[in-house]
Amino acid sequence: MEIKPINSYNKMSKLAAKIVAGQIINKPKIVLGFATGSTPLGMYRELVELYKKSRLDFSKVTTFNLDEYLGLSPEHPQSYHYYMYENFFNHVNIEEKNIHIPKGDTKNPVQECRNYEREIEKIGGIDLQVLGIGVNGHVGFNEPNINLEARTHVIQLSNETIRANSRFFKNLDEVPRKAITMGMATIMKSKKIILMAWGVEKKKPILKVISGHIATDVPASLLQVHNDVILVVDKKIYSSSTVTDPLSYPDKI
Ligand code: F6R
(Lines give C-alpha, C1' and ligand atoms only; values in the text may rest on other atoms or scores of the structure.)
Protein backbone atom coordinates (compact mmCIF):
# COMPACT_ATOMS: atom_id res chain seq x y z
CA MET A 1 0.00 0.00 0.00
CA GLU A 2 1.41 3.35 -1.00
CA ILE A 3 0.63 5.90 1.71
CA LYS A 4 0.38 9.60 0.93
CA PRO A 5 -0.19 11.76 4.03
CA ILE A 6 -1.70 15.11 3.04
CA ASN A 7 -2.09 18.24 5.17
CA SER A 8 -5.21 19.82 3.66
CA TYR A 9 -8.52 18.55 2.33
CA ASN A 10 -8.05 20.57 -0.87
CA LYS A 11 -4.66 19.02 -1.52
CA MET A 12 -6.06 15.55 -0.90
CA SER A 13 -8.88 16.25 -3.37
CA LYS A 14 -6.46 17.61 -5.98
CA LEU A 15 -4.15 14.62 -5.65
CA ALA A 16 -7.00 12.11 -5.97
CA ALA A 17 -8.36 13.99 -9.00
CA LYS A 18 -4.88 14.08 -10.54
CA ILE A 19 -4.52 10.31 -10.18
CA VAL A 20 -7.97 9.72 -11.70
CA ALA A 21 -7.26 12.19 -14.53
CA GLY A 22 -3.91 10.55 -15.26
CA GLN A 23 -5.58 7.17 -15.56
CA ILE A 24 -8.24 8.57 -17.92
CA ILE A 25 -5.57 10.13 -20.13
CA ASN A 26 -3.68 6.80 -20.23
CA LYS A 27 -6.84 4.87 -21.04
CA PRO A 28 -9.76 6.98 -22.35
CA LYS A 29 -12.10 3.94 -22.25
CA ILE A 30 -11.35 3.38 -18.57
CA VAL A 31 -13.84 1.81 -16.15
CA LEU A 32 -13.99 3.84 -12.94
CA GLY A 33 -15.53 2.79 -9.64
CA PHE A 34 -16.91 5.69 -7.62
CA ALA A 35 -17.81 6.33 -3.99
CA THR A 36 -20.11 8.95 -2.50
CA GLY A 37 -20.14 10.63 0.93
CA SER A 38 -18.25 13.67 2.20
CA THR A 39 -14.73 12.46 1.45
CA PRO A 40 -14.67 12.48 -2.38
CA LEU A 41 -16.75 15.67 -2.82
CA GLY A 42 -13.62 17.79 -3.35
CA MET A 43 -12.23 15.26 -5.81
CA TYR A 44 -15.40 15.49 -7.92
CA ARG A 45 -15.15 19.29 -7.80
CA GLU A 46 -11.55 19.09 -9.03
CA LEU A 47 -12.45 16.66 -11.81
CA VAL A 48 -15.19 19.03 -12.98
CA GLU A 49 -12.57 21.84 -13.01
CA LEU A 50 -10.21 19.66 -15.05
CA TYR A 51 -13.03 19.02 -17.51
CA LYS A 52 -13.88 22.72 -17.81
CA LYS A 53 -10.36 24.17 -17.82
CA SER A 54 -8.22 21.38 -19.26
CA ARG A 55 -10.81 19.55 -21.35
CA LEU A 56 -10.37 16.26 -19.52
CA ASP A 57 -12.51 13.98 -21.65
CA PHE A 58 -15.07 11.70 -20.01
CA SER A 59 -16.88 10.77 -23.22
CA LYS A 60 -15.52 7.22 -23.32
CA VAL A 61 -15.37 6.66 -19.56
CA THR A 62 -17.64 4.06 -17.92
CA THR A 63 -18.50 4.30 -14.22
CA PHE A 64 -19.88 1.96 -11.58
CA ASN A 65 -20.87 3.31 -8.19
CA LEU A 66 -20.14 1.24 -5.14
CA ASP A 67 -23.54 1.34 -3.53
CA GLU A 68 -27.03 2.77 -3.19
CA TYR A 69 -29.61 2.91 -0.40
CA LEU A 70 -32.42 0.44 -0.87
CA GLY A 71 -35.82 2.11 -1.01
CA LEU A 72 -34.64 5.49 -2.33
CA SER A 73 -35.56 6.52 -5.86
CA PRO A 74 -32.96 8.26 -8.05
CA GLU A 75 -34.80 11.57 -7.46
CA HIS A 76 -34.48 11.34 -3.69
CA PRO A 77 -32.01 14.06 -2.61
CA GLN A 78 -30.19 11.64 -0.29
CA SER A 79 -29.87 8.88 -2.87
CA TYR A 80 -26.39 8.25 -4.16
CA HIS A 81 -27.84 8.52 -7.65
CA TYR A 82 -28.87 12.12 -6.94
CA TYR A 83 -25.50 12.88 -5.29
CA MET A 84 -23.54 11.65 -8.30
CA TYR A 85 -25.53 13.68 -10.83
CA GLU A 86 -25.56 16.80 -8.64
CA ASN A 87 -21.87 16.71 -7.83
CA PHE A 88 -20.36 15.24 -10.92
CA PHE A 89 -22.20 13.66 -13.85
CA ASN A 90 -24.28 16.76 -14.67
CA HIS A 91 -21.10 18.81 -15.06
CA VAL A 92 -18.92 16.66 -17.34
CA ASN A 93 -19.27 15.08 -20.79
CA ILE A 94 -19.94 11.54 -19.61
CA GLU A 95 -22.45 9.47 -21.63
CA GLU A 96 -25.61 8.54 -19.74
CA LYS A 97 -25.40 4.97 -21.06
CA ASN A 98 -21.97 4.55 -19.43
CA ILE A 99 -23.15 5.43 -15.92
CA HIS A 100 -24.03 2.58 -13.56
CA ILE A 101 -25.50 2.96 -10.08
CA PRO A 102 -27.46 0.18 -8.32
CA LYS A 103 -31.21 0.87 -8.52
CA GLY A 104 -32.36 1.69 -5.01
CA ASP A 105 -36.04 1.51 -5.96
CA THR A 106 -35.83 -1.88 -7.64
CA LYS A 107 -38.68 -4.36 -7.06
CA ASN A 108 -36.21 -7.23 -7.11
CA PRO A 109 -33.05 -6.33 -5.19
CA VAL A 110 -31.47 -9.79 -5.52
CA GLN A 111 -31.84 -9.71 -9.30
CA GLU A 112 -30.55 -6.14 -9.37
CA CYS A 113 -27.40 -7.27 -7.51
CA ARG A 114 -26.87 -10.12 -9.98
CA ASN A 115 -27.33 -7.82 -12.96
CA TYR A 116 -24.98 -5.24 -11.51
CA GLU A 117 -22.24 -7.78 -10.86
CA ARG A 118 -22.73 -9.21 -14.35
CA GLU A 119 -22.41 -5.76 -15.94
CA ILE A 120 -19.09 -5.21 -14.14
CA GLU A 121 -17.82 -8.62 -15.25
CA LYS A 122 -19.01 -8.11 -18.83
CA ILE A 123 -16.95 -4.96 -19.21
CA GLY A 124 -13.85 -6.66 -17.81
CA GLY A 125 -13.88 -5.30 -14.26
CA ILE A 126 -13.02 -1.95 -12.76
CA ASP A 127 -9.73 -0.31 -13.70
CA LEU A 128 -9.63 2.25 -10.92
CA GLN A 129 -11.83 2.18 -7.83
CA VAL A 130 -12.15 5.24 -5.57
CA LEU A 131 -13.01 4.36 -1.97
CA GLY A 132 -13.84 6.19 1.23
CA ILE A 133 -13.87 4.43 4.58
CA GLY A 134 -16.58 4.30 7.23
CA VAL A 135 -15.89 5.04 10.89
CA ASN A 136 -16.39 1.31 11.47
CA GLY A 137 -13.97 0.32 8.71
CA HIS A 138 -16.56 -0.41 6.03
CA VAL A 139 -15.81 0.06 2.33
CA GLY A 140 -18.77 0.45 0.03
CA PHE A 141 -21.42 -0.74 2.45
CA ASN A 142 -19.52 -3.91 3.37
CA GLU A 143 -20.17 -3.73 7.09
CA PRO A 144 -18.02 -5.41 9.76
CA ASN A 145 -19.14 -9.01 10.21
CA ILE A 146 -17.87 -12.54 10.76
CA ASN A 147 -18.57 -13.24 7.11
CA LEU A 148 -18.22 -10.79 4.28
CA GLU A 149 -20.00 -11.21 0.97
CA ALA A 150 -17.84 -11.47 -2.11
CA ARG A 151 -20.21 -10.12 -4.77
CA THR A 152 -22.76 -7.33 -5.08
CA HIS A 153 -25.45 -7.95 -2.48
CA VAL A 154 -28.13 -6.50 -0.24
CA ILE A 155 -26.81 -5.49 3.16
CA GLN A 156 -28.36 -4.49 6.46
CA LEU A 157 -26.65 -1.28 7.53
CA SER A 158 -25.00 -1.31 10.95
CA ASN A 159 -26.21 1.01 13.70
CA GLU A 160 -22.89 2.84 13.50
CA THR A 161 -23.35 3.55 9.78
CA ILE A 162 -26.99 4.57 10.24
CA ARG A 163 -25.90 6.98 12.97
CA ALA A 164 -22.95 8.35 10.94
CA ASN A 165 -25.05 8.84 7.80
CA SER A 166 -27.99 10.39 9.64
CA ARG A 167 -26.16 13.73 9.28
CA PHE A 168 -27.45 13.83 5.68
CA PHE A 169 -31.08 13.10 6.66
CA LYS A 170 -33.69 14.99 8.71
CA ASN A 171 -33.47 12.41 11.46
CA LEU A 172 -32.25 8.92 12.31
CA ASP A 173 -35.56 7.29 11.33
CA GLU A 174 -35.25 8.54 7.76
CA VAL A 175 -31.98 6.72 7.11
CA PRO A 176 -32.64 3.59 5.05
CA ARG A 177 -31.77 0.39 6.90
CA LYS A 178 -30.66 -1.54 3.84
CA ALA A 179 -28.49 -0.92 0.81
CA ILE A 180 -27.09 -2.59 -2.28
CA THR A 181 -23.31 -2.71 -2.30
CA MET A 182 -20.53 -4.17 -4.38
CA GLY A 183 -18.98 -7.05 -2.46
CA MET A 184 -15.43 -7.30 -1.21
CA ALA A 185 -14.35 -9.43 -4.18
CA THR A 186 -15.96 -6.99 -6.61
CA ILE A 187 -13.87 -4.24 -5.03
CA MET A 188 -10.68 -6.30 -4.63
CA LYS A 189 -10.73 -7.28 -8.29
CA SER A 190 -10.30 -3.62 -9.29
CA LYS A 191 -6.92 -3.20 -10.93
CA LYS A 192 -6.07 -0.07 -8.97
CA ILE A 193 -7.62 1.45 -5.84
CA ILE A 194 -7.45 4.88 -4.23
CA LEU A 195 -8.58 4.87 -0.61
CA MET A 196 -9.28 8.35 0.74
CA ALA A 197 -9.61 9.20 4.42
CA TRP A 198 -10.10 12.63 5.92
CA GLY A 199 -10.75 13.68 9.52
CA VAL A 200 -9.71 12.37 12.91
CA GLU A 201 -12.81 10.18 13.18
CA LYS A 202 -11.19 8.00 10.51
CA LYS A 203 -8.02 7.48 12.54
CA LYS A 204 -9.14 4.27 14.25
CA PRO A 205 -10.22 2.42 11.08
CA ILE A 206 -7.22 3.68 9.09
CA LEU A 207 -4.71 2.51 11.68
CA LYS A 208 -6.33 -0.90 11.49
CA VAL A 209 -6.16 -0.85 7.69
CA ILE A 210 -2.40 -0.40 7.75
CA SER A 211 -1.75 -2.56 10.82
CA GLY A 212 -0.63 -5.67 8.97
CA HIS A 213 -3.64 -7.60 10.30
CA ILE A 214 -6.62 -8.60 8.20
CA ALA A 215 -9.97 -9.00 9.90
CA THR A 216 -13.53 -9.14 8.63
CA ASP A 217 -14.58 -6.77 11.42
CA VAL A 218 -12.56 -4.11 9.56
CA PRO A 219 -13.52 -4.87 5.95
CA ALA A 220 -11.12 -2.23 4.61
CA SER A 221 -8.21 -4.20 6.13
CA LEU A 222 -8.57 -6.66 3.24
CA LEU A 223 -7.10 -3.95 1.02
CA GLN A 224 -3.71 -4.87 2.44
CA VAL A 225 -3.56 -7.90 0.17
CA HIS A 226 -4.32 -5.86 -2.96
CA ASN A 227 -1.15 -5.05 -4.89
CA ASP A 228 -2.03 -1.55 -6.07
CA VAL A 229 -3.67 0.61 -3.41
CA ILE A 230 -2.86 4.27 -2.84
CA LEU A 231 -4.00 5.54 0.54
CA VAL A 232 -4.48 9.31 0.39
CA VAL A 233 -4.80 10.21 4.00
CA ASP A 234 -5.15 13.13 6.40
CA LYS A 235 -1.70 13.85 7.84
CA LYS A 236 -3.30 14.20 11.28
CA ILE A 237 -4.12 10.50 11.08
CA TYR A 238 -0.90 9.29 9.59
CA SER A 239 2.28 11.29 9.99
CA SER A 240 5.88 10.40 10.58
CA SER A 241 5.77 12.14 13.94
CA THR A 242 2.92 10.02 15.30
CA VAL A 243 3.84 6.86 13.47
CA THR A 244 7.24 5.32 13.05
CA ASP A 245 6.52 1.66 12.59
CA PRO A 246 3.13 0.73 11.13
CA LEU A 247 3.65 -2.86 12.29
CA SER A 248 3.49 -1.73 15.88
CA TYR A 249 -0.05 -0.41 15.51
CA PRO A 250 -2.05 -3.32 16.88
CA ASP A 251 -0.64 -2.75 20.35
CA LYS A 252 -1.34 0.96 20.25
CA ILE A 253 -4.96 0.99 19.09
C1 F6R B 1 -20.20 5.65 -0.14
C2 F6R B 1 -19.47 4.55 0.47
C3 F6R B 1 -19.04 4.59 1.89
C4 F6R B 1 -18.33 5.90 2.27
C5 F6R B 1 -17.96 5.90 3.75
C6 F6R B 1 -17.32 7.20 4.17
O7 F6R B 1 -20.49 5.38 -1.48
O8 F6R B 1 -19.24 3.60 -0.19
O9 F6R B 1 -18.18 3.50 2.15
O10 F6R B 1 -17.18 6.04 1.48
O11 F6R B 1 -19.10 5.68 4.53
O12 F6R B 1 -18.25 8.22 4.04
P13 F6R B 1 -17.83 9.75 4.26
O14 F6R B 1 -16.90 10.08 3.17
O15 F6R B 1 -19.11 10.51 4.19
O16 F6R B 1 -17.16 9.82 5.61
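What counts, and where the lines are drawn
Residues numbered from 1 in each chain as written. Predicted model: local features only at pLDDT ≥ 70, side-chain atom pairs only at ≥ 80, totals over all residues. Heavy atoms only, no water. Buried < 20%, exposed > 50% of the residue type's maximum accessible area, 1.4 Å probe, protein only. Helix = DSSP H or I, 4+ residues; strand = E, 2+ residues; numbered from the N terminus. Pairing = 2+ DSSP bridges. Contact = heavy atoms within 4.5 Å. Axes fitted to C-alpha atoms, helices over the stretch in contact; angles between N-to-C directions. Parallel < 35°, antiparallel > 145°, perpendicular 65-115°, else oblique. Nonpolar A, V, L, I, M, F, W, Y, C, P; charged D, E, K, R; others polar. Near = heavy atom within 4 Å. Polar contact = N/O pair within 3.5 Å; in protein donor to acceptor, adjacent residues only side chain to side chain. Areas by Shrake-Rupley, 256 points an atom, 1.4 Å probe, with all protein chains shown as cover. 1 Å grid on protein atoms, 1.4 Å probe; cavity = no way out; pocket = protein on both sides within 12 Å on 5 of 7 lines; lining within 4 Å. Sits in = over half its atoms within 2 Å of the grid points. Points joined across faces, edges and corners; volume = space filled by probe spheres on them.

(A) Quick look at the pairing of strand β6 (residues 128-131). Side chains Leu 128 and Val 130 of β6 all project onto a buried face; the interleaved residues Gln 129 and Leu 131 project onto the opposite face, where all are buried too. Relative to β6, strand β2 (residues 31-34) runs parallel, the two being bridged by two bridges. Across the sheet, Leu 32 pairs through a bridge with Leu 128, a residue of β6. Inspection of the sheet shows β6 paired to strand β9 (residues 192-197) by four bridges, in the parallel sense. Across the sheet, the residue bridging to Leu 131 is Leu 195, located in β9.

(B) Structural context of helix α3 (residues 80-87). Taken residue by residue, α3 has Tyr 80, Tyr 83, Met 84 and Tyr 85 as its buried positions. Structurally, α3 contributes buried residues whose contacts are with β2, α2 (41-54), β3 (62-65), β4 (67-69), β5 (99-100) and α5 (159-165).

(C) Here's a closer look at the packing of α2 against α3. Two numbers describe how α2 lies on α3: the axes approach to 10 Å, and their chain directions differ by 40°. With respect to α3, the axis of α2 lies oblique. Two secondary-structure elements touch here, α2 through Leu 41, Tyr 44 and Val 48 and α3 through Tyr 83, Met 84 and Asn 87. Looking at the contact of α2 with α3 residue by residue, the classes come out as five nonpolar, one polar and no charged.

(D) Layout of the site of the ligand. In the neighbourhood of the ligand, 15 residues make up the surrounding shell, with Thr 39, Asp 67, His 138, Gly 140 and Lys 202 lying closest. Between the ligand and the protein, one listed contact pairs an oxygen atom with a side-chain N or O atom of Thr 36 at 2.8 Å. Between an oxygen atom of the ligand and a side-chain N or O atom of His 138, the distance comes to 2.7 Å. Contact with the protein chains removes 94% of the 410 Å² of surface that the ligand exposes when unbound. Judged by its atoms lying within 2 Å of the grid points, the ligand is housed in the largest pocket. The residue makeup of the shell around the ligand, split by class, is four nonpolar, eight polar and three charged.

(E) Just the environment of Pro 144, in detail. Note on placement: Pro 144 falls in the loop between β6 and β7 (153-156). For the pair formed by Pro 144 and Lys 178, sequence separation is 34 residues and the distance between their alpha carbons is 14 Å. Beyond its immediate sequence surroundings of up to four residues, Pro 144 is in contact with Asn 136, Thr 216, Asp 217 and Pro 219.

(F) A look at the sheet that holds strand β8 (residues 178-181). The three strands are arranged β4-β8-β7 in an open sheet whose pairing can be described as antiparallel. Unpaired on one side and paired on the other, β4 and β7 mark the two borders of the sheet. The mean angle between the axes of side-by-side strands here comes to 25°, regardless of whether they run parallel or antiparallel. Where β4 and β8 come together, three bridges link them in antiparallel fashion.

(G) Spatial organisation of the pairing of β8. Note that β7 and β8 share four bridges and pair antiparallel. The residue of β8 that forms the bridge with His 153 is Thr 181.

(H) Focus on the layout of surface pockets. Approximately 680 Å³ is the volume attributed to the largest pocket. If you trace the largest pocket, you find 36 residues lining it, with Thr 36, Gly 37, Ser 38, Arg 167 and Phe 168 closest to the centre. For the lining of the largest pocket, the secondary-structure elements that each account for two or more residues are β4, α3 and α5. Residue contributions to the lining of the largest pocket peak at five residues, all from α3. Residue classes in the lining of the largest pocket are distributed as 17 nonpolar, 14 polar and five charged. One number sums up the size of the second largest pocket: a volume of about 260 Å³.

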